[in-house]
Structures are given as structure tokens and as C-alpha cells.
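# Structure at a glance
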Amino acid sequence: MDGRSKHHLVAGLLIGSLWAFSEVVLGTLIRTVALPLRGTLLTGIGVGILFAGFAYTKQAWSVGLAVLTAVVAKVVFAPSFGFGIKVINSS
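### Topic: helix H1 (residues 3-33)
The terminal C-alpha atoms of H1, which comprises 31 residues, lie 44 Å apart, in line with the 45 Å expected from a rise of 1.5 Å per residue. Looking one or two places after H1, you find Ala 34, whose phi comes out positive at around 65 degrees.

### Some points on the environment of Val 72
With respect to the helices and strands, Val 72 occurs in helix H3 (residues 60-77). Taking relative accessible area as the criterion, Val 72 reaches 44% and is therefore assigned partly exposed. Between the C-alpha atom of Val 72 and that of Gly 16, which follows or precedes it by 56 residues, the distance is 9.2 Å.

### A look at the packing of H1 against helix H2 (residues 38-57)
It is the contact of H1 with H2, at a shortest axis distance of 10 Å, that shows an interaxial angle of 165 degrees. On the basis of their axis angle, the class for H1 and H2 is roughly antiparallel. Crossing hand, H1 versus H2: right-handed. In this structure, H1 uses His 7, His 8, Ala 11, Ile 15, Leu 18, Trp 19, Ser 22, Glu 23, Leu 26, Gly 27, Ile 30 and Arg 31 to contact H2, whose residues at the interface are Arg 38, Leu 41, Leu 42, Thr 43, Ile 45, Gly 46, Ile 49, Leu 50, Gly 53, Tyr 56 and Thr 57. Of the residues belonging to the contact of H1 with H2, the class tally is 12 nonpolar, 8 polar and 3 charged.

### What about the nonpolar core?
Of all hydrophobic cores here, the largest spans 9 residues; its members are Ile 15, Trp 19, Ala 20, Ile 49, Leu 50, Val 63, Ala 66, Ala 70 and Ala 73. Among the elements of the structure, H1, H2 and H3 are those that each provide at least two residues to this core. No other element matches the 4 residues that H3 contributes to this core.

Reading the values: the criteria
Residues numbered from 1 in each chain as written. Predicted model: local features only at pLDDT ≥ 70, side-chain atom pairs only at ≥ 80, totals over all residues. Heavy atoms only, no water. Helix = DSSP H or I, 4+ residues; strand = E, 2+ residues; numbered from the N terminus. Expected span 1.5 Å × (residues − 1). Buried < 20%, exposed > 50% of the residue type's maximum accessible area, 1.4 Å probe, protein only. Axes fitted to C-alpha atoms, helices over the stretch in contact; angles between N-to-C directions. Parallel < 35°, antiparallel > 145°, perpendicular 65-115°, else oblique. Left-handed = near helix turned anticlockwise from the far one by under 90°. Contact = heavy atoms within 4.5 Å. Nonpolar A, V, L, I, M, F, W, Y, C, P; charged D, E, K, R; others polar. Core = buried A, V, L, I, M, F, W, Y, C linked by side-chain atoms within 4.5 Å.

Spelled out as C-alpha cells, the structure:
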């Protein structure tokens with residue numbers, strides 16, 4: 001694996017982690033404040049992070065890795081914060 005591929009791999013992992021972190025933290029904040037359309041807001045934020053990551057890496061597989069990382073992080077780490085399985089369906 002060359003240096004450029006490693007760079008895109010790390011970028012995809014970081015983008016996915018940032019997306020999952022924003023979903024968990026902002027989802028809890030929006031639920032606490034009781035704002036309507038929580039799922040729509042979180043989807044917009046997640047898509048914005050994903051598009052910014054694609055603009056940075058310009059590699060489709062890096063974006064796919066970001067999506068996979070976000071899904072795995074939400075399934076594995078979100079229940080450890082006490083939110084339960086409902087975090088998977090944030091809408």
C-alpha cells in the first residue's frame with residue numbers, strides 16, 4: 001500500500017468516526033432540547049460531513065469506508081453510552 005492509499009484510508013476512517021460522533025452527540029443534544037425533525041437535521045449534518053470528506057479525498061472507496069465506519073461505530077459504541085439500540089434509527 002503506497003502512501004497515498006494510506007492517506008485516503010486514514011481520511012475515510014476519520015470522516016466516518018466524525019460522522020458517528022456527530023450522530024451520537026448531536027442526536028442526544030437535539031433530543032434533550034426537543035427540537036423537531038431530529039432525523040432530518042442529523043441526516044443533513046452527516047451528508048455534509050460525507051461530502052466534505054469526498055471533496056477532500058476525491059476517492060469513492062474512501063467515502064464507502066467512511067459510511068461503513070460510521071455504521072459500525074454507532075452500532076458498537078453508542079449502546080455503551082447508554083442510548084440503547086434506538087440510536088441505530090435516529091429518525
